[in-house]
Amino acid sequence: MWRSSARAACVVCQNLANGTYGARGKSPLQKLHLVSRSIHHSRHPLSRFQRLPLRISAQPFSALNHLPLRSSKLLLVKHGSQPHRTFWLARVVSRLLKLRYLVLGSAVGGGYTAKKTYDQWKEMVPDLSEYKWIIPDFIWELDEYVDFEKLTKALPDSEDLAKLLPDFDKIGESLRSLSGFLTPGYNLISEVIGASDLLLLLGSPRDTAFRATEQGCEAEKQYKKGLLGEVILLQQQIQQHEEEARRATDQLGPGSSQQKRKVSDKEKVDQLQEELLRTQLKYQRMLERLEKENKELRKIVLQKDDKGIHQRKLKKSLIDMYSEVLDTLSDYDASYNTHDHLPRVVVVGDQSAGKTSVLEMIAQARIFPRGSGEMMTRSPVKVTLSEGPHHVAIFKDSSREFDLTKEEDLAALRNEIEIRMRKSVSDGCTVSTETISLSVKGPGLQRMVLVDLPGVISTVTSGMAPDTKETIFSISKAYMQNPNAIILCIQDGSVDAERSIVTDLVSQMDPQGKRTIFVLTKVDLAEQNVASPSRIQQIIEGKLFPMKALGYFAVVTGRGNSCESIESIKEYEEEFFQNSKLLKNCMLKAHQVTTRNLSLAVSDCFWKMVRESVEQQADAFKATRFNLETEWKNNYPRLRELDRNELFEKAKNEILDEVISLSQVTPKHWEEILQKSLWDRVSTHVIENIYLPAAQTTNSGTFNTTVDIKLKQWTDKQLPNKAVEVAWETLQEEFARFMTEEKGKEHDDIFDKLKQAVKDESIKRHKWNERAEDSLRVIQHNALEDRSISDKQQWDAAIQFMEETLHSRLKDTESVIEDMVGPDWKKRWLYWVGRTKEQTIRNETKNELEKMIKCNEEHPAYLANDEVTTVRKNLEARGVAVDPCLIKDTWHQVYRRHFLKKALGHCNLCRRGFYYYQRHFVDSELECNDVVLFWRIQRMLGITANTLRQQLTNTEVRRLEKNVKEVLEDFAEDCEKKMKLLTGKRVQLAEDLKKVREIQEKLEVFIEALHQEEK
């Protein structure tokens, strides 16, 4: 920038020298460009020009050539005898001054022109200041602190940099040698992992569907090395021996046995069979050794992953993800024709056929309760099998892990399953449809989901519900009608096949046998009891039963002893099949026996079915979700899709807010309602039992004594208890008012039932502090003992309180009298109503009693017996028969009205009695002791209300809030309670929508994980 400016300044100077620019300003020379002036003008001749010190007047010059200079008179300067030299010097100075202005004007004009051009260019460039934030601030200041030239000089050259890099060729050779070193170990591990699956290789080509895992071409090549090569050679030898034995057996058929039987052929057949058995035993021992090594390696690998050696987060296994989907489906009530068609292994069979034992052998643990002949499986039990470093079991709704290697935990697990089964069974029933979900993990377990169903029965025995048989059939059909469910049909081999019930049921659900696996249990007992072993062969070949199956298996599940361990049962099973005539005579094939082969086949079938059907099920739930969302938008367009739990949380927040609002009630409001409620409760007792008896006394001393005695008795026995009851009822009323108060448009009536239940339960649990009555009794007693009215205002307040009370009582009394005597003549005339016979008698009695009171206005409150007789005789004289009790009852109301009217009159007289009260009514006939009584009552009510208010706000409201929170927590854990209190189409629709979304999302995650595993 500086160089360009200096160059522009040089151009200006050249133009000035050539005279192309004219001076257009009066700027001083110092305003020229700094660089231009310092470089060029520093050596200009004019810069060293020294003016002579002439004393002349200031003469103005014009920088414009075409305008005449203004004339000015030069001052006369005396220089001796040189006038011409003086004039010449003046002309030179004037011309030099003119040249100065020309230079200054040209420089200013050129600078202005250059600035204008620079501004035009600047406007053409886009504004990038808005994008300055992309680059950090320290970058703009980097050049001030870092010398980039020195930095570039300090960096090494490209040749030196290349010397510092490693030799990638040598690294590649090292990696290849390392991979070659590790390859045999990897092959050995692959062989060990796949060794357990080779039990299925002995089957025929049509039995390939029962292989536990599918192996590729590379894996098959690896099998030919090491121990597996020997195993495959043994397998080939076994197949050759079987073919030779089959040919020899065909030659020795029954038709030609008498003619072609030779001793040498028979010996040859026996020799081949013995050799075959020896080869099978050798093969079995090698496989057992490989399986043991495989199991140990798997356990080591899983334990390393479980301890987090690689510091990575373990994901959920594939089978666990699938099990979660099934658990969610079990809780979902499909009301939109979206049925649960996800695959699972359904274990069905007759009662005591060995279903549970087969399942335990697959799970490798005795996890189910056992009984001799009685029904033990009372509800469906879903068991999810998966691999893990430790052999443990855990329930879906619990965090406790049961160690299946410990007998104590096994016993606790069996007990827990039995307890859950009994809890799930309703009263009056034998079996339940509620599913118990259990997860079992362990090394070497095949991944699958099995459901153990109650055994099918033919007869209902004593102690069972009448519908037990039909209920078991309906449960079994509900699980088996799933087109993707694998049916594991368990048949007891120790009983006659004709007695089987489950085979007919299975053939109805799966006529083609495309998803049924038949299992014959207790083969050891069958071999002993069955006279013809060929019958077992017919069962395994599917020729005896009308049902069809995908595969047939024969297993042994122990000697019938419930204390046997899984290891002893496996040893017994292997020993039995090694010595069994069924295998020696080729009635059973090696791949059709043992629970190990069965579990591999079932697992392979299960995952094959999962891969074929899971995406179709995901699409079905996606369509169901769309239908539910559309229905919600049409019915509740302005409401959020809140399920039952979310609605409960919303209602919980509203209830807690209302409880908090209860604590914000003003003290004045509390005291007003407490005082009013307390007086309504005790006013009758004060009037009837304290005021009226005291008013019957003859003098003020007796009046005060009577009042003090009765107030003391009342305070000691009833008043504190009544006050606490009033406070508790007031708290309930205020709490109910806040709970039931509608909040305009925001009010949701779906919460009304829940709020009412929370209110009732909270009030039921709340108990008032027992010590409150004792402290309140002391306060009330002290308040009632005070008789000193300090000022006229309190006196007037007491009179007003007395008048309001007496007027209220008089109004109530008149209403009672009107009901007793019936309508007066105005109502009878206007409304055409009459009096009953009893009302007529009471009216006559009332008139007679009023005459008596008029004769003696100071009559006491009670009638004497002779007065009752007089009234009765007077009424009989007029033809009115009346009972003495009716006379006394009528007198009570008539005298009350008379007394109240008289008390009101006396109250008006006492308005001016405060002066006499201060003088203790000395020298005065006016006595206002009743006013003092009502003042004492009023003061006691105020103090009691204040005390109760303090107790409410400081203690009881907080305790009630605590009770409400406890009730809400209890309701939150009680699903049945929430279902009962939060009901309706809206709630059910939101619940279905939530479940369908959850199922669809979990299915999508599972499908994605399934695809990744296949890759």
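The preceding data block contains the structure.
Below, the structure is looked at part by part.

### So, the packing of aromatic side chains
1) Next: With the rule as written, the count across this model stands at 15 aromatic pairs.
2) Next: Relative to F577, the ring of F576 has its centre 5.2 Å away and its plane inclined at 70°; by these criteria the two rings are edge-to-face. Taken individually, F576 and F577 each receive the classification buried, so the pair is uniform in this respect.
3) Next: Their ring planes at 50° and their centres at 4.9 Å tell us that W632 and Y636 sit as a pair that is tilted.
4) Next: Judged by relative accessible area, which is 2%, W632 ranks as buried.
5) Next: Among the aromatic residues, ring-to-ring pairing joins W679, Y691, F801, W891, Y895, F899 and F934 into one connected group.
6) Next: Between the NZ or CZ atom of R420 and the centre of the ring of F395, over which it lies, the distance is 4.0 Å.
7) Next: Across the ring face of F738, the terminal group of R737 is positioned such that the distance to the ring centre comes to 4.6 Å.

### Digging into the side chain of T377
1) Next: Considering the arrangement of structural elements, one finds T377 in the loop between α14 (355-363) and β2 (381-386).
2) Next: Accessibility expressed as a relative area gives 8% for T377, which makes it buried.
3) Next: Residues in contact with T377, not counting those within four places in the same chain, are T356, M421, D452, L453 and P454.

### Regarding the state of the cysteines
1) Next: Counted by the stated rule, this structure contains one disulfide.
2) Next: Through a disulfide, C910 is tied to C928; the S-S separation comes to 2.1 Å. Judged by the sign of its S-S torsion, about -100°, the bond between C910 and C928 is left-handed. Highlighted residues: C910 in the loop between α33 (884-909) and α34 (914-918) and C928 in the loop between α34 and α35 (929-973), separated in sequence by 18 residues.
3) Next: The exposure class of C928 is buried, given its relative accessible area of 0%.

### Brief notes about helix α13 (residues 318-330)
1) Next: Here α13 is 13 residues long and its end C-alpha atoms lie 19 Å apart, about the 18 Å a rise of 1.5 Å per residue gives.
2) Next: The element α13 is largely enclosed, with a buried count of eleven among its 13 residues.
3) Next: The complete set of buried residues in α13 reads L318, I319, D320, M321, Y322, S323, V325, L326, D327, T328 and L329.
4) Next: Next to the buried residues of α13 lie β2, β5 (436-441), β6 (448-452), α22 (595-635) and α37 (985-1014).

### Structural notes on the sheet that holds β5
1) Next: Strands sit in the order β4-β3-β5-β2-β6-β1-β7-β8-β9 across an open sheet of nine strands; the sheet is mixed. Of all strands in the sheet, those with a lone pairing partner are β4 (402-403) and β9 (551-554), marking the two edges.
2) Next: As paired elements, strand β3 (residues 392-395) and β4 share two bridges and run antiparallel to each other. Bridging across to β4, A393 finds its partner in F402.

### What about the pattern of salt bridges?
1) Next: A complete count under the given rule lists 47 salt bridges for this structure.
2) Next: E1013 serves as the salt-bridge partner of R611, at 4.0 Å between the closest nitrogen and oxygen. Placement of the pair is R611 in helix α22 and E1013 in helix α37, with a sequence separation of 402 residues.
3) Next: Here R611 falls in the partly exposed class, since its relative accessible area comes to 38%.

### A short note on the packing of helix α26 (residues 719-740) against α35
1) Next: Between α26 and α35, the shortest axis-to-axis distance is 10 Å and the interhelical angle comes to 50°. It follows from the interaxial angle that α26 and α35 lie oblique. Once α26 is placed against α35, the crossing between them reads as right-handed. Where α26 approaches α35, its residues L719, A723, A727, L731 and F735 are matched on the opposing element by M940, T944, L948, L952, E956, V957, L960 and V964.
2) Next: Taken together, the residues that form the contact of α26 with α35 break down as eleven nonpolar, one polar and one charged.

### Comments concerning a nonpolar patch on the surface
1) Next: Taken together, the side chains of W825, W829, L830, Y831 and V833 define a hydrophobic patch exposed on the protein surface, amounting to about 700 Å² of accessible area.
2) Next: Look at W829 and you get exposed, because its relative accessible area is 66%.

### Re unusual backbone geometry
1) Next: Phi at Q364 is positive, roughly 60°, even though this residue is not glycine.
2) Next: Examined against the element boundaries, Q364 turns out to sit in the loop between α14 and β2.
3) Next: Phi is positive for K522, which is not a glycine, with a value near 55°.
4) Next: Structurally, the position occupied by K522 is in the loop between β8 (516-521) and α18 (523-529).

What counts and how
Residues numbered from 1 in each chain as written. Predicted model: local features only at pLDDT ≥ 70, side-chain atom pairs only at ≥ 80, totals over all residues. Heavy atoms only, no water. Phe/Tyr/Trp six-rings, centres within 6.5 Å; stacked < 30°, edge-to-face > 60°. Buried < 20%, exposed > 50% of the residue type's maximum accessible area, 1.4 Å probe, protein only. Lys NZ or Arg CZ within 6 Å of the ring centre and 35° of its normal. Helix = DSSP H or I, 4+ residues; strand = E, 2+ residues; numbered from the N terminus. Contact = heavy atoms within 4.5 Å. Disulfide = S-S within 2.5 Å. Expected span 1.5 Å × (residues − 1). Pairing = 2+ DSSP bridges. Salt bridge = Lys/Arg side-chain N within 4 Å of Asp/Glu carboxyl O. Axes fitted to C-alpha atoms, helices over the stretch in contact; angles between N-to-C directions. Parallel < 35°, antiparallel > 145°, perpendicular 65-115°, else oblique. Left-handed = near helix turned anticlockwise from the far one by under 90°. Nonpolar A, V, L, I, M, F, W, Y, C, P; charged D, E, K, R; others polar. Patch = residues over 30% accessible without salt bridge, like charges linked within 9 Å, V, L, I, M, F, W, Y side chains within 5 Å. Areas by Shrake-Rupley, 256 points an atom, 1.4 Å probe, with all protein chains shown as cover.

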